[in-house]
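Residues per chain, in single letters:
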Amino acid sequence: DRPKMTPFRILIDKREQTPLPFPPSVPTAAATLYPGDYSIEGYEHEFAIERKSLEDLVGSLIGHKEQADGSRRYNRDRLIEELTAMDGHRFRWVIVTSPRSKLEAHYYTSRIEPANVIGMIASIEALTGVQFKFFDSPNEAARWVAVEALHFWRMRNGLSTLRPKLHADRLAPRTQDAPKPPTA
């Protein structure tokens, strides 16, 4: 018994301020997602992509917010919590809509050195298992997300001819309760 196949549709988190520019041929819908900014309808607990601009990435690694009790909540801790919530996902990435060369050339407003940002990214990748991928533009990132999402959907629905020995049951979700969004 195969579960009913859901139509292919990329979900975009409703809070995403600058959604990727998917072409009209890619079906999309707004949804409330956690973790991540992008997923696939029906596979929200298996497929998660967090999107960052270069400025957003740097801001997510430094700085903090004052809490009502006077304590500080560090931006990096919030990012790590969100990426850790992706632990049960089969497909999980952070995509940066700017080339790595701009990071290395310090094309952002913070004074933090590029080597420190790169070191923090490497530490977070090691800690969470979620990889960061840089793209030359939002358009390039949108194309990559669309291709990867469609390929994942096809594999989960037994429609992929690229890897015939990989059965959809091997891509079943890992057993884990759905993650809860962090408190502000």
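In short, a report on the structure. (Residues numbered from 1 in each chain as written. Predicted model: local features only at pLDDT ≥ 70, side-chain atom pairs only at ≥ 80, totals over all residues. Heavy atoms only, no water.)

### Some words on helix 2 (residues 75–84)
Owing to its 3.6 residues per turn, the α-helix aligns residues three or four sequence positions apart on the same side. To keep things clear, this is the line we draw: Between buried and exposed lies partly exposed: a residue is buried under 20% and exposed over 50% of the maximum accessible area for its type, with that area taken using a 1.4 Å probe on protein chains only. Here a helix means four or more residues in a row that DSSP labels H or I, a strand means two or more in a row labelled E, and each is numbered from the N terminus. In this context, the arc is that of the directions from the helix axis out to the C-beta atoms. We call two residues in contact whenever any of their non-hydrogen atoms come within 4.5 Å of each other.
Restricting attention to buried positions, one finds in helix 2 the residues Leu-79, Ile-80, Glu-82 and Leu-83. Along the axis of helix 2, the buried residues cluster in a sector spanning 160°; they form a single face. Elements that come into contact with the buried residues of helix 2 comprise strand 4 (47–52), helix 1 (54–61), strand 7 (91–96), helix 4 (114–128) and strand 8 (131–134).

### Concerning the pattern of salt bridges
Selection criterion: The salt bridge criterion pairs a side-chain nitrogen of Lys or Arg with a carboxyl oxygen of Asp or Glu, the two atoms within 4 Å.
Enumeration over the complete set of coordinates arrives at 11 salt bridges. With its nearest N and O atoms 2.6 Å apart, the salt bridge here joins Glu-41 to Arg-9. With Glu-41 in the loop between strand 3 (38–40) and strand 4 and Arg-9 in the segment before strand 1 (10–13), this residue pair connects regions lying 32 residues apart in the sequence. Under the relative-accessibility criterion, Arg-9 is labelled partly exposed at 29%.

### What to know about the nonpolar core
Generally speaking, a soluble globular protein has its nonpolar side chains buried in company with each other. As a reminder, the rule being used: Here the nonpolar core consists of buried residues drawn from Ala, Val, Leu, Ile, Met, Phe, Trp, Tyr and Cys, with membership extended through side-chain atoms lying within 4.5 Å.
Grouped together as the largest cluster of nonpolar side chains are 22 residues, with contacts concentrated most on Ile-10, Leu-20, Phe-22, Ile-40, Ile-49, Ile-95 and Val-145. Breaking this core down by element, the ones donating at least two residues are strand 1, strand 3, strand 4, strand 7 and helix 5 (138–156). The element that contributes the greatest number of residues to this core is helix 5, accounting for 8 residues. Among all residues touching Ile-10, those that are not within four sequence positions of it are Phe-22, Val-26, Pro-27, Thr-28, Ala-29, Tyr-38, Ser-39, Val-145, Ala-146 and Ala-149.

### Examining the environment of Glu-125
Note the following rule: Here a polar contact is recorded for every N or O atom pair within 3.5 Å, except that within protein the pair must consist of a potential hydrogen donor and a potential acceptor, and residues adjacent in sequence are included only if both atoms are side-chain atoms.
Tracing the backbone through its elements, the reader meets Glu-125 in helix 4. Classification of Glu-125 as buried rests on a relative accessible area of 17%. With 42 residues separating them in the primary sequence, Glu-125 and Leu-83 have C-alpha atoms 9.2 Å apart. Ignoring anything within four residues of it in the chain, the contact list for Glu-125 reads Val-130, Gln-131 and Phe-132. A distance of 2.8 Å separates the side chain of Glu-125 from the backbone nitrogen of Phe-132, its partner in a polar contact.

### Quick word on the packing of aromatic side chains
Two measures describe an aromatic ring pair: the distance that separates the ring centres and the angle between the ring planes. Formally: Any pair of Phe, Tyr and Trp rings, taking the six-membered ring for Trp, is counted once the centres come within 6.5 Å. Such a pair is stacked with planes under 30 degrees apart, edge-to-face with planes over 60 apart, and tilted for the rest.
Under the definition given, this model contains 9 aromatic pairs. Between Trp-93 and Trp-144 the ring centres are 5.6 Å apart and the planes differ by 85°, which places this aromatic pair in the edge-to-face class. Of this pair, Trp-93 sits in strand 7 while Trp-144 sits in helix 5, placing them 51 residues apart in sequence. Take Trp-144: its relative accessible area is 16%, and that puts it in the buried class.

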